[in-house]
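Structural description and commentary
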Amino acid sequence: MKFISIIGSTGSIGTQTLELVRANEDLAVTALAAGSNVTLLEQQIREFHPRIAVLYDRQSADELRLRVSDLDVKVFSGPEGLVEAAVEPSCSLVVTAVVGMIGIRPTIAAIQAKKDIALANKETLVTAGHLIMPMAEQYGVSILPVDSEHSAIFQCLQGEDAKEVDSLIITASGGPFRKKTQKELTAVTLEDALKHPNWSMGKKITIDSATLVNKGLEVIEARWLFGVDFEQIKVVVQPQSIIHSMVQFKDGGVKAQLGTPDMKLPIQYALFYPERRFLPGERLDFAALGSISFEEPPTDVLKGLSFAYDAGRTGGSMPTVLNAANEKAVALFLQEEISFLEIYQLIEDAMNAHHVIENPSLEEVLETEQWVYEFIESR
Ligand code: NDP
Ligand code: MG
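Residues numbered from 1 in each chain as written. Chains lettered and ligands numbered in written order. Predicted model: local features only at pLDDT ≥ 70, side-chain atom pairs only at ≥ 80, totals over all residues. Heavy atoms only, no water.

Looking at an unreviewed UniProt entry, one finds the chain named 1-deoxy-D-xylulose 5-phosphate reductoisomerase, with Anaerostipes rhamnosivorans as its source organism. According to the UniProt record, the Function (unreviewed entry) comment for the chain reads "Catalyzes the NADPH-dependent rearrangement and reduction of 1-deoxy-D-xylulose-5-phosphate (DXP) to 2-C-methyl-D-erythritol 4-phosphate (MEP)." (UniProt positions renumbered as here; feature names shortened; annotations may be inferred.)

In structure tokens:
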């Protein structure tokens, strides 16, 4: 039996992870954590019987505690609650499926408690990869990628020697706006931005896909996961989202991982690695597909990628500024307080105003996040 904890169990990745728990008898859940969704977390507790349940929001946690008082489950709240879920003694793997930098502390706590990590929460690696990766090595834990591109690269690297890798080629769908001009983008709405052509995901990452910030965060995520330089990471648009990413080797050979756009495969690969299990669902029909095409990413108009290469190459606290400014800007866009293009403006202003801290500690990363929030709020 393999016991897992899920931080962010009520979201897109969290609920798909639970579908896999439902389908595999040798998987069980020991802790479930979410933000404030009392109703769904209660249902999940009744179905999966975790020992620990957490709602970050304290009032919601109080309500949950009353609702599940007939069950043998401990209910926690707040940031310390997320850490409780991450270090639950019987679990051996923590799925970090929470959205945003709130994932950093529970991820670090899980590593220090020697739990392997199935990492979906890319914001954690983007901002604190320089702390997380050495720590994982020190504690002998595996960071298994859940993000489909990184899972694809991880699959392509199996049996290969890292020294023979020339470059990583991350594919991008291009999102709903890949063909739009700057002028057309001034008029796009929240509803337009939430319509991803291929993937069904949480709202924040769906907006990040439309701005190409998601692809930018993935470039920085790849830098940490695979220990390569930014010069070795390329991005190509593959509009059908069939090729999930590729690795080019020194001899010019390229390996790619293909599949339908379904997150269950990369999640399951991380849960059972190195084993591959049966997964029901649609298979690729190449003849029906006809063709797979490629394009240059539209970096001039959708600036997310260029911001990320800039922030990544600058290093230090700059990726945190990019990420935190983006989190704040996307929240404002989701509340319809700013326009689509203002997301870029807020990120650019914050990056320009920031004085970089080299090799920031965890406290400095979190202080930088706070600085960004205050910078944006004071505008
Ligand atoms: P969702 O918005 O669907 O879900 C977010 C989850 O985080 C929910 O369970 C939510 O709980 C929980 N949450 C939010 N705030 C807090 C908090 N303060 N404390 C505890 N839990 C909290 O996001 P996704 O599943 O789409 O994305 C999760 C992560 O995975 C992101 O980092 C994303 O970039 C990454 N990812 C997602 C992919 C996808 O296909 N969705 C693909 C690749 C990566 P509640 O419901 O109570 O608010
Ligand atoms: Mg991805």
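Points about helix H4 (residues 78-86)
All of the buried residues in H4 are Gly78, Gly81, Leu82, Ala85 and Ala86. Summarising the axial view, the buried residues of H4 lie within an arc of 150 degrees, below the 170-degree limit, and thus occupy one face. (Buried < 20%, exposed > 50% of the residue type's maximum accessible area, 1.4 Å probe, protein only. Helix = DSSP H or I, 4+ residues; strand = E, 2+ residues; numbered from the N terminus. Arc of directions from axis to C-beta.)

With respect to the environment of Leu322
Topologically, Leu322 is positioned in helix H15 (residues 318-334). Given the relative accessible area of 0%, Leu322 is considered buried. Each C-alpha atom of the pair Leu322 and Ala350 lies 7.7 Å from the other, and the pair is 28 residues apart in sequence.

Focus on unusual backbone geometry
Cis rather than trans, the peptide bond between Tyr273 and Pro274 has omega equal to 5 degrees. Position of Pro274 relative to the elements: it lies in the loop between helix H12 (264-272) and helix H13 (286-289). Residues other than glycine seldom take positive phi values, yet Leu212 does so here, at roughly 70 degrees. With respect to the helices and strands, the residue Leu212 is situated in the loop between helix H10 (203-211) and helix H11 (213-226). Exposure remark for Leu212: the relative accessible area of 3% places this residue in the buried category. Of note in this structure, Ser241 is not a glycine but carries a positive phi near 50 degrees.

Quick notes on the coordination of the magnesium ion (ligand 2)
With distances of 2.1 Å, the protein atoms coordinating the magnesium ion (ligand 2) are Asp147 (OD), Glu149 (OE) and Glu218 (OE). On the primary sequence, the residues serving as donors to the magnesium ion (ligand 2) are separated as D-x1-E-x68-E. Look at Asp147 and you get buried, because its relative accessible area is 8%. The class of Glu149 is buried, set by a relative accessible area of 8%. (Donors = N, O, S within 2.8 Å, 3.2 Å for Na, K, Ca; no water.)

What about the environment of Ser60?
Looking at the secondary structure, you find Ser60 in helix H3 (residues 58-67). Judged by relative accessible area, Ser60 falls into the buried class, the value being 10%. Taking the C-alpha atoms as reference points, Ser60 and Asn37, separated by 23 residues in sequence, lie 7.5 Å from one another. Residues contacting Ser60, with those up to four places away along its chain left out, are Ser36, Val38 and Leu55. (Contact = heavy atoms within 4.5 Å.)

Thoughts on the UniProt feature "domain: 1-deoxy-D-xylulose 5-phosphate reductoisomerase C-terminal" (unreviewed entry) in the chain
Those residues carrying the UniProt feature "domain: 1-deoxy-D-xylulose 5-phosphate reductoisomerase C-terminal" (unreviewed entry) are residues 143-226 in this numbering. As annotated, residues 143-226 has a helix share of 49% and a strand share of 13%, and its two end C-alpha atoms lie 10 Å apart.

Here's the deal with the domain arrangement of the chain
Along its sequence, the chain is organised into domain 1 (2-145), domain 2 (150-260 + 269-305) and domain 3 (315-379). The straight-line distance from the C-alpha centre of domain 2 to that of domain 3 is 24 Å. With 22 residues of domain 2 at the contact, the number on the domain 3 side is 15 residues. Across the interface of domain 2 and domain 3, roughly 1500 Å² is buried in total on both sides, 78% from carbon and sulfur atoms. Among the residues of domain 2 in contact with domain 3, Leu190, Lys204 and Thr211 are the three that bury the most area, contributing 32% of the side total. Inspection of the region where domain 2 meets domain 3 yields 1 salt bridge. Glu348 serves as the salt-bridge partner of Lys303, at 3.9 Å between the closest nitrogen and oxygen. The interface formed by domain 2 and domain 3 includes 3 residue pairs in polar contact (both at pLDDT 80 or more). At the level of elements, helix H8 (182-185), helix H9 (190-193), H10 and H11 are the ones that each hand at least two residues to the side of domain 2 that touches domain 3. Broken down by element, the residue count for the side of domain 2 that touches domain 3 peaks at 6 residues, all from H10. (Domains from an automatic or database assignment. Buried area = accessible area lost by both parts, 1.4 Å probe. Salt bridge = Lys/Arg side-chain N within 4 Å of Asp/Glu carboxyl O. Polar contact = N/O pair within 3.5 Å; in protein donor to acceptor, adjacent residues only side chain to side chain.)

Structural notes on the sheet that holds strand S9 (residues 233-237)
Read from one edge of the open sheet, 4 strands run S9-S8-S10-S11, paired in mixed fashion. Whereas interior strands pair on both sides, the edge strands pair on one side only; in this sheet they are S9 and strand S11 (254-258). Within the sheet, the average angular offset between the axes of one strand and its neighbour, ignoring direction, is 20 degrees. With 5 bridges connecting them, strand S10 (residues 243-249) and S11 associate as antiparallel partners. Pairing of Val247 across the sheet is with Lys255, part of S11. (Pairing = 2+ DSSP bridges. Axes fitted to C-alpha atoms, helices over the stretch in contact; angles between N-to-C directions.)

So, the site of ligand 1
Neighbouring ligand 1 are 25 residues, the closest being Thr10, Ser12, Ser36, Asn37 and Glu123. Between Ser36 and ligand 1, the recorded distance is 2.7 Å, taken from a backbone N or O atom to an oxygen atom. Val98 places a main-chain nitrogen or oxygen 3.5 Å from an oxygen atom of ligand 1. For ligand 1, whose free accessible area comes to 900 Å², the fraction covered by protein is 86%. Contributing elements (two or more residues each) for the shell around ligand 1: helix H1 (12-23) and helix H6 (122-139). Residue contributions to the shell around ligand 1 reach at least three from each of two domains, namely domain 1 (2-145) and domain 2 (150-260 + 269-305). (Near = heavy atom within 4 Å. Areas by Shrake-Rupley, 256 points an atom, 1.4 Å probe, with all protein chains shown as cover.)

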